[in-house]
Every structure is written in structure tokens, then in C-alpha cells.
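Understanding the architecture of this molecule
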Amino acid sequence: MKNVDDLIESAAELAARGLSKGEIADELNVSRETASWLVERSGATAQPTDASGQNGGTTPPSGPQDIHVDWSAVGRDSKRMGAIAEAMADLLAKHGKDVDLTIGIEKAGGPIATLVARELETDLGTYTPAKHQWEEGDIEELGGTFSRNFAGIRDRECYIVDDTITSGTTMRETIEAIRAEGGEPLACVVLADKQGLEELEGVPIYSLLQVISVGKEE
Ligand SMILES: O=P(O)(O)OC[C@H]1O[C@H](OP(=O)(O)OP(=O)(O)O)[C@H](O)[C@@H]1O
């Protein structure tokens, strides 16, 4: 994807396939507000409700404040992924040698976490957020899952890895899910943090790129 016109085109295609604005937001890695704006610009119509029961809200004619992060130049090449994972592992390394578990957030966080875990020589686990299991009804009643194909939490300290933070909802849910299993997240790392967070739920957040909006308040 190169520019906003490509995003608008993608949003229109996804809307035509019957996706809601929330689902389009997840697919394109943008906020729900941005997804709503993209769909409106395309002239398409998205399904009225999404996973949170919201309709995406209204957006100003100038467009919402959001940034689409396209990291596919890294994601499509295992060597580049390895180099990026090495840098992400380096951000986490200061937390000590006792951490022997890295949790990746599905889907995009899984491959990155695999390489980070290899770099740090930890076990590997994966967490699938509740929104991936949502089909209909209230998403608040759903929980995420830890895959049994990978390492369990079992009261261990761990790191959390994902590609992006947009609203922080997914990372917050993952921290809470790990704690509910008796684990203790010591630090999180992402490629790009669109919130510029220092911590979430008391857990430090590291990112290779902090995306900070600079401009006039509306
Ligand atoms: O901070 P948030 O607003 O929660 O958004 C960030 C999350 O959204 C994306 O996942 P997505 O659901 O698109 O799935 P993916 O990993 O398969 O791309 C991204 O990979 C993060 O997990």
C-alpha cells in the first residue's frame, strides 16, 4: 500500500465483502474512526455494527488523525524480520536473564515473537485476542486464548510482542489475560506504537518507532 487512495480502495473492497468498519479497521491496521472515514470516502457502505457494537462514529471532513503503518517490506522477508527481531530483543534484554517466556499476539505478533524468542533463547507462547473469536453478540463476554501448541504461562514472568499499538486495547487485554493465568508480564515490545506509551497497566512498553502526532487540536 502506497498512499491513502490505495487505503480507500482496500476499504471499499473489504466493505463490499461485507466486513464491518471494526473489521476493516483491524484488517488495515488503522483506528475505527479512520476505517469509517476511508469507507465514507470510497462511497461504499460497511456493515452497521462491529465487534464493540459501535458504528465507527462521525469523522471530520478533513479526515481523522491516524497513521497507517505498512511494515510489509519487513514482514515479507525472513532476513529482515530476523534483523528487526534482534533489535526488538535488544530493547527487552535489560530485564534480566530470568525471563524464559515470550508471548506473541496473534496474528501478526506471532512470527515476530518467534524470532524474538529465538534471539532471547526463551520459550514461545501465543495469545489470540477476543476480537478474533467474535462473530456476533457482545465481545465483552468473550475471552482470548493461549494456544496449547506453544508454551503455557504457568505462573511465569514473560515478555509480550506485537507489531503495532493503535488504541492499546489488544495489549491491555493481553496483559490482563496473562495475569489471570498467574503470569507476570515484565515488558512489551512492538514495531510501532501509535500512542507513544511509556507503560500500560504498569508494564513498560518499548517500540522501535513511536508515532507521535504533532498538529493543531481541533
Ligand atoms: O491497539 P489496538 O487498537 O488493539 O490495535 C492493535 C492490534 O491490532 C492489530 O491486530 P489485528 O486485529 O488487525 O490482527 P493481526 O495481528 O492479524 O493484524 C495489531 O496486530 C494489534 O494486535
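The preceding data block contains the structure.
Described in the following lines is the structure provided in the data block. (Residues numbered from 1 in each chain as written. Predicted model: local features only at pLDDT ≥ 70, side-chain atom pairs only at ≥ 80, totals over all residues. Heavy atoms only, no water.)

**Quick notes on the environment of Ala12**
With respect to the helices and strands, the residue Ala12 is situated in helix 1 (residues 4-16). Taking C-alpha positions, Ala12 is 26 Å from Pro129, a pair spaced 117 residues apart along the chain. For Ala12, the residues in contact, after removing those within four places along its chain, are Ser42 and Ala44. (Helix = DSSP H or I, 4+ residues; strand = E, 2+ residues; numbered from the N terminus. Contact = heavy atoms within 4.5 Å.)

**With respect to the pairing of strand 7 (residues 203-210)**
In the sheet, strand 5 (residues 184-193) pairs with strand 7 via 5 bridges, with the strands oriented parallel. Pairing of Cys188 across the sheet is with Ile205, part of strand 7. Relative to strand 7, strand 6 (residues 199-200) is paired through 2 bridges, and the arrangement is antiparallel. Pairing of Leu200 across the sheet is with Val203, part of strand 7. Connecting strand 6 to the next strand, strand 7, in antiparallel fashion are 2 residues, including Glu201 with a positive phi near 55°. (Pairing = 2+ DSSP bridges.)

**Digging into the packing of aromatic side chains**
For any two aromatic rings, the description comes down to two numbers: the centre-to-centre distance and the angle of the planes. Using the criterion set out here, one finds 1 aromatic pair in the structure. Between Tyr127 and Phe146, the ring centres sit 4.8 Å apart and the planes meet at 50°, which makes this aromatic pair tilted. Here Tyr127, found in strand 2 (residues 123-128), pairs with Phe146, found in strand 3 (residues 145-146); they are 19 residues apart in sequence, far enough to count as distant. Since its relative accessible area comes to 2%, Tyr127 is described here as buried. (Phe/Tyr/Trp six-rings, centres within 6.5 Å; stacked < 30°, edge-to-face > 60°. Buried < 20%, exposed > 50% of the residue type's maximum accessible area, 1.4 Å probe, protein only.)

**Comments concerning the nonpolar core**
The biggest cluster of nonpolar side chains holds 21 residues, and the ones touching the most others in it are Trp71, Met88, Leu92, Ile112, Val116, Val161 and Val189. Listed by contribution, the elements that provide at least two residues to this core are helix 5 (78-92), helix 6 (109-120), strand 4 (157-165) and strand 5. A per-element tally of this core places helix 5 first, with 5 residues. In this view, Val116 contacts Ala85, Met88, Ala89, Leu92, Thr102 and Val161; residues no more than four positions away in its chain are not counted. (Core = buried A, V, L, I, M, F, W, Y, C linked by side-chain atoms within 4.5 Å.)

**With respect to the pattern of salt bridges**
Inspection of every chain in the model, using the stated rule, returns 4 salt bridges. Notably, a salt bridge pairs Arg156 with Asp100, separated by 3.3 Å at the nearest N-O pair. Linking Arg156 in the loop between strand 3 and strand 4 with Asp100 in the loop between helix 5 and strand 1 (101-105), this pair joins segments that are 56 residues apart in sequence. Looking at Asp100, the relative accessible area reads 34%, which means it is partly exposed. As a salt-bridge pair, Asp123 and Arg156 come within 2.7 Å of each other at their nearest N and O atoms. Of this pair, Asp123 sits in strand 2 while Arg156 is found in the loop between strand 3 and strand 4, placing the two residues 33 residues apart along the sequence. (Salt bridge = Lys/Arg side-chain N within 4 Å of Asp/Glu carboxyl O.)

**Comments concerning the sheet that holds strand 5**
In a beta sheet, neighbouring strands pair by backbone hydrogen bonds and run either parallel or antiparallel. Pairing in this open sheet of 7 strands is mixed, and the strands run 3-2-1-4-5-7-6 from one edge to the other. Edge positions in the sheet fall to strand 3 and strand 6, since each of these pairs with one other strand and no more. Helix-sheet contacts for helix 5 involve strand 4, strand 5 and strand 7, and the interaxial angle to strand 5 is about 140°. (Axes fitted to C-alpha atoms, helices over the stretch in contact; angles between N-to-C directions.)

**Details of the state of the cysteines**
Summed over the entire model, instances satisfying the criterion amount to 0 disulfides. Free of any disulfide, Cys158 has its nearest neighbouring cysteine sulfur in Cys188, separated by 8.5 Å. On the basis of relative accessible area, Cys188 is assigned to the buried category, the value being 0%. (Disulfide = S-S within 2.5 Å.)

**Things to note about the site of the ligand**
Residues in contact with the ligand amount to 16 residues; listed here are only the nearest, Asp26, Asp162, Asp163, Ser167 and Thr170. Contact between the ligand and Gly168: an oxygen atom at 2.7 Å from a main-chain N or O atom of the residue. Interatomic distance of 2.5 Å between a side-chain N/O atom of Thr170 and an oxygen atom of the ligand. Compared with its free state, where it exposes 490 Å², the ligand has 87% of that area covered by protein. Of all the secondary-structure elements, those providing two or more residues to the shell around the ligand are strand 4 and helix 7 (169-180). Among the elements that line the shell around the ligand, the one with the most residues is strand 4, at 4 residues. (Near = heavy atom within 4 Å. Polar contact = N/O pair within 3.5 Å; in protein donor to acceptor, adjacent residues only side chain to side chain. Areas by Shrake-Rupley, 256 points an atom, 1.4 Å probe, with all protein chains shown as cover.)

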